[in-house]
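# Report on the structure
Take a look at the letters that make up each chain.
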Amino acid sequence: MEFVRIYKRVLRLLVPERRLTITLSVANVMLAGLHFLEPVLFGKVIDVLTQSDKRSEAETWSDAVKLLAIWGVVGIGGISASILISLHADRLAHRRRLAALGSYFEHVLSLPLSFHGETHSGRLLKVMLNGVDHLFGLWLSFFREHLETFVIAVVLLPLSLFLNWRLGILLIALLVIFAFLASTVISRTEQAQRSIEGYHSQLAERAGDALGNVMLVQSFVRLQAEAQQLGEVMRQVLSAQFPVLTMWAIVTVLTRAASTITVIAIFVLGTWLHMHGLASVGEIVTFMGFATQVIGRMEQAMGFLSRLFFQMPGLAEFFGVLDAESTIKERPGAVPLENVKGDVSFEHVTFSYDGKCVAVHDLDFVAPTGTVIAFVGHTGSGKSTSMALLHRVWDPDQGAIKIDGTDIRDVTLESLRRNIGVVFQDSTMFYRTIADNLRVAKPDASDAKLERAAILAEAHDFILRQPEGYNTMVGERGVTLSGGERQRLAIARAILKDPPILILDEATSALDAATEARVQQALKTLMRGRTTFVIAHRLSTVRNADLILVLERGEIVERGSYQELIARQGIFARLVATQLEITNDLDGERPAVLPPG
Ligand code: ADP
Ligand code: MG
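Residues numbered from 1 in each chain as written. Chains lettered and ligands numbered in written order. Predicted model: local features only at pLDDT ≥ 70, side-chain atom pairs only at ≥ 80, totals over all residues. Heavy atoms only, no water.

### A few points about the overall build of the protein
Applied cut-off: Strands are runs of DSSP state E lasting at least 2 residues, helices are runs of H or I lasting at least 4, and numbering of each runs from the N terminus. All radius of gyration figures rest on C-alpha atoms, and the globule criterion is 2.2 Å times the number of residues raised to 0.38. Think of it in three bands: with a 1.4 Å probe and only protein chains considered, a residue is buried below 20% of the maximum accessible area for its type, exposed above 50%, and partly exposed in between. Note on definitions: a residue-residue contact is assigned when non-hydrogen atoms from the two residues lie within 4.5 Å. Here the accessible surface of atoms and residues is derived via Shrake-Rupley with a 1.4 Å probe, and residues count as covered only by protein chains that are part of the display. When charges are counted, neither His nor the chain ends are considered; positive counts come from Lys and Arg and negative counts from Asp and Glu. Throughout, a charge is located at the NZ atom of Lys, the CZ atom of Arg, the CG atom of Asp or the CD atom of Glu.
Counting its regular elements, the protein contains 18 helices and 10 strands. Against the globule reference of 25 Å for 597 residues, the protein gives a C-alpha radius of gyration of 36 Å, more extended than a compact globule. With the principal axes as the frame, the protein shows a C-alpha extent of 125 × 50 × 50 Å. Expressed as a percentage of the 597 residues in the protein, the buried residues total 44%. Partitioning the intrachain contacts of the protein with sequence separation of at least 6 by distance along the chain shows that 77% fall at a separation of at least 24. Roughly 31,300 Å² of accessible area belongs to the protein as shown, and the carbon and sulfur atoms make up 61% of that amount. Averaged over its 58 positive side-chain charges, the protein has a centre that lies 3 Å from the centre of its 62 negative ones.

### Focus: the packing of aromatic side chains
Worth spelling out the cut-off: Two aromatic rings, drawn from Phe, Tyr or Trp (for Trp, its six-membered ring), form a pair once their centres lie within 6.5 Å of each other, and the interplanar angle then sorts them: stacked below 30 degrees, edge-to-face above 60, tilted otherwise. Only when the NZ of Lys or the CZ of Arg is both within 6 Å of the ring centre and within 35 degrees of the ring normal is a charge said to sit over the ring.
Per the counting criterion, the structure on display carries 13 aromatic pairs. Seen in terms of ring centroids, Phe 351 and Tyr 353 are 5.0 Å apart; in terms of plane orientation they differ by 75 degrees. Their pairing is edge-to-face. Judged by its relative accessible area of 4%, Phe 351 falls in the buried class. Taken together, Phe 346, Phe 365, Phe 375 and Phe 533 form an aromatic cluster joined through their ring pairs. The cationic tip of Arg 432 hangs over the ring face of Phe 430; the distance from NZ or CZ to the ring centre is 4.0 Å.

### Points about the sheet that holds strand β9 (residues 547–552)
The line we're drawing: Here, strands pair whenever DSSP counts at least two bridges between them. Orientation is described by axes fitted as lines to C-alpha atoms, over the contacting stretch for helices, and by angles from 0 to 180 degrees between their N-to-C directions.
Pairing is mixed in the open sheet, where six strands are placed in the order β6-β7-β8-β3-β9-β10. Both edges of this open sheet fall to β6 (420–423) and β10 (555–560), since each of them pairs with a single strand only. If you compare each strand with its neighbour and ignore which way they point, the axes differ by 20 degrees on average. The sheet contact formed by strand β3 (residues 372–377) and strand β8 (residues 531–535) spans four bridges and is parallel. Bridge pairing in β8 places Phe 375 opposite Ile 535. Against the sheet, helix α15 (residues 483–497) touches β6 and β7 (501–505), its axis set at about 170 degrees to β6.

### Points about unusual backbone geometry
Positioned with a positive phi, Val 221 is a non-glycine residue whose angle comes to about 50 degrees. Following the sequence through the fold, Val 221 ends up in the loop between α7 (214–219) and α8 (223–275). Backbone geometry at Asp 404 places phi at a positive 50 degrees, although glycine is not the residue there. By secondary structure assignment, the location of Asp 404 is in the loop between β4 (398–403) and β5 (406–407). The class for Asp 404 is partly exposed, based on a relative accessible area of 27%.

Next up, the structure:
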């Protein structure tokens, strides 16, 4: 059963603190035994009292003293066990909660971009926070309630048969009926609850998506539409939730009824047995005690079951994320890539995102150490995809990519990515200071190094214009900076990282011509001695590339140097001509739109 499986897994997360867990469990079992002993002692006392007129005073007293002494020991034992549990169970749960949060966080961050492309960060956050809260609650109630209930139900209740088997059977029979009813309700509503959890995740996803795109929401006046769509999901949550709540209300009523019915039944059967000499008054009192205790426990257990049941889909989702495996796996025995020269080769590389539509097909080329390779082609032709394959965001379906002759799947991911610097068209930033954002590339970089990199990337001046210079906070994902500013910070990051292989994916696309010219200068310095892959829209920037690869629908359709390709009068030459035309048109029109004079 799914239920049991997940509960087991929840408890297994306590394994790192095995000794404490076991100690607390033993204390719990002790507590259960002691709680069970109390009604037995109570019954014995009653028997001593009811028989006192048939026995001597001394006998009665000695029996009473013995019983009271045992009761004293039981009381002290119970108190010590409770203290131990209340002192340590909470601390344990708090520690494990944070540990679970930490491992979820690390795991999610290590999952490949393909996973994150499919799962919204809002959902991941909700699953994490809900999941660890559920875990926390379950661990606490495990030590405070569940274990004791379990011991009473499974071990001590059968033992009651030895006291008076007729009354024992009655009690057990009533409990079995009760458990049957409860499990029926659970299985009835399981599916519904899972869909409810799905709606909750959708809520988090929608809200997270809207909050992360405030600009979009406001500029397209989407406030009402977004709120309405969220309201729609909320309505679905409620309409799915209400029937489940009704079922559980029925269970609560049943539990209450069960308690009254059980006590009455024991009273009636007990009286009958007593009149036939088959049960003492003390035994009846003991079973009454059992009944109230056990039913109290059952109510608790139902509360727990309902809670666990409501939380289970959330936990399942939590574990689901933890179980998500990286599609980009390190081979066993992967070695770190060291002393990289930067000799890159693509050998008949083919890749498709969805298994149907080919994104790149049969890419085959060599980039010797220190050369500049330019990718040119219409948008969607597979330029970024080729580069994503190089730093292993995905693995090729066919063919291989090698660095210095080693297949990149045979080296550790960490070392591969440490040796490749990437500047994207759309560089994002952490919600931290500019300095912190630059140090992402090199945590131990000195202030002087930071500045030098910023100067080279033409970023220093605008950084100094910020209210607090290098210590200015950058908005979420960098929204307080312009696209060009972000690009220059990204270039500074690449300069700091100082990798032997560099990927510039439309790295200067957001810069105006003048700034781009200056940044190009910096890039030229940066590119010296490194193998560089340049993807650029402005074809003038690839003029100096050693090799230009023209891509069309994922295939290389032309290759050669700038001069060679122009001379060939093919696709590349046409692309260049079109760009020149556009530029000339713009230049030609400009005076016309300017006011005379
Ligand atoms: P370019 O960088 O040349 O503009 P891309 O390499 O980004 O082109 O895209 C190549 C093709 O792959 C396009 O058809 C694009 O729609 C598709 N594509 C890109 N990224 C993804 C992705 N994460 N999932 C599925 N398809 C993608
Ligand atoms: Mg691209």
